[in-house]
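These are the residues of each chain, in order.
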Amino acid sequence: MVKFGLKLSHIVAGVVLLLSIPLFHSCGIYSFSGTSIQPDVKTVTINYFEYKALKVNPTLSNDLTEALKDKYKKLTRLEQVDIDGDMEISGEVTGYDVKATAVTAQEVAAQNRLTVTVKISFSNRLYPEDDFDKNFSAYADYDSTNSLDAVESSLCEEIVEKIIEDIFNSTVANW
């Protein structure tokens, strides 16, 4: 006689789980990636982020645009289209500033902060109540013994990641 180590409660739990998967899937609004996109929203247009800050960073606009496109590609089912998407995101870099955050007794900056601000316009053609215009900003600190040129690339990577996460959550995660 073969003994099975499964208890009736385990079998019932498994059946309930299997039966509930189609229920959650059919809702179409929630996903395991944390997004809450209505099922009839199929496409997104992510426009190039314009650069309007006074201090120039020649790669930041492209870095932001491509990072947001990548995030949508990895974490949503939406098809990216060049124009007239069901959802559309436009942005512009409005601030790129360095300020001292810690000053020594000799009134010399011990630490500096790079702050990037991006203005986003989000529209959902199918659900216009979700539309917004909003500013997002993030910063990274660095030791003043380093020049901005020496650390700018790594700081911008960190800042772009934070801003893209915030934009993504505001547009499709409803956080």
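Preceding block: the structure.
Let me begin by describing the structure that accompanies this report. (Residues numbered from 1 in each chain as written. Predicted model: local features only at pLDDT ≥ 70, side-chain atom pairs only at ≥ 80, totals over all residues. Heavy atoms only, no water.)

## Comments concerning the nonpolar core
Taken as a class, soluble globular proteins show a tendency for nonpolar side chains to be buried jointly. Convention followed: We define the nonpolar core as a collection of buried residues of types Ala, Val, Leu, Ile, Met, Phe, Trp, Tyr and Cys that are connected through side-chain atoms lying within 4.5 Å of one another. Each residue is assigned to one of three classes by its accessible area relative to the maximum for its type, calculated with a 1.4 Å probe on protein chains only: buried under 20%, partly exposed between the two thresholds, exposed over 50%. Helix and strand assignments come from DSSP, with helices taken as H or I runs of at least 4 residues and strands as E runs of at least 2, each series counted from the N terminus. Throughout, a contact is declared for two residues whenever any of their heavy atoms are within 4.5 Å.
Membership of the largest hydrophobic core comes to 37 residues, with the highest contact counts inside it found for L64, Y72 and I163. In terms of residue count, helix α3 (residues 148-173) provides more of this core than any other element does, 11 residues in total. In contact with I163, not counting residues within four places along its chain, are L64, V116, V118, F136, S137 and A138.

## Observations concerning the pattern of salt bridges
As a working rule, side chains carrying opposite charge can pair if their charged atoms are close by. Rule in force here: Whenever a carboxyl oxygen of Asp or Glu lies within 4 Å of a side-chain nitrogen of Lys or Arg, that contact is scored as a salt bridge.
Under the defined criterion, the tally for this structure stands at six salt bridges. Here K52 ties to E50 by a salt bridge, and the two come within 3.9 Å at their closest N and O atoms. Across the pair E88 and R125 runs a salt bridge, and its minimum N-O distance is 2.7 Å. Taken together, the residues span a long stretch of sequence, with E88 in strand β4 (residues 87-103) and R125 in the loop between β5 (109-124) and β6 (132-143) at a distance of 37 residues. Beyond isolated ion pairs, a larger network of salt bridges with shared partners links E50, K52 and E92.

## Here we look at the pairing of β4
Applied cut-off: Strand pairing follows a simple DSSP-based rule, namely that at least 2 bridges must link the two strands.
Where strand β1 (residues 43-46) lies against β4, three bridges are found, and the strand directions are parallel. Bridge pairing links I46 to I89 in β4. Bridge count between strand β2 (residues 50-51) and β4: two bridges; the pairing is parallel. For E50, the partnering residue across the bridge sits in β4 and is E92. Pairing of β4 with β5 involves 15 bridges; the strand directions are antiparallel. Following the sheet pairing, A102 is matched in β5 by Q111.

## Some thoughts on the packing of helix α2 (residues 60-75) against α3
The description of two helices packed together rests on the angle between their axes and the distance between the axes. Applicable threshold: Comment: axis = line fitted to C-alpha atoms, over the contacting stretch for helices; angle = value between 0 and 180 degrees taken between N-to-C directions. We call two directions roughly parallel when the angle between them is under 35 degrees, roughly antiparallel when it is over 145, roughly perpendicular when it lies between 65 and 115, and oblique otherwise. In this scheme, a crossing is called left-handed if the near helix is turned counterclockwise away from the far one by less than a right angle; it is called right-handed if the turn is clockwise.
Interaxial distance between α2 and α3 falls to 10 Å at its minimum, and their mutual angle equals 50 degrees. Comparing their axes, α3 and α2 come out oblique. In terms of crossing hand, the pair formed by α2 and α3 is right-handed. Every residue of α3 that contacts α2 at L60, D63, L64, A67, L68, K71, Y72 and L75 is listed here: V160, I163, I164, E165, I167, F168, T171 and V172.

## Some points on the environment of N146
Mapped onto the fold, N146 is located in the loop between β6 and α3. For N146, a relative accessible area of 34% gives the class partly exposed. It is 9.4 Å that separates the C-alpha atoms of N146 and N112, two residues lying 34 residues apart in sequence.

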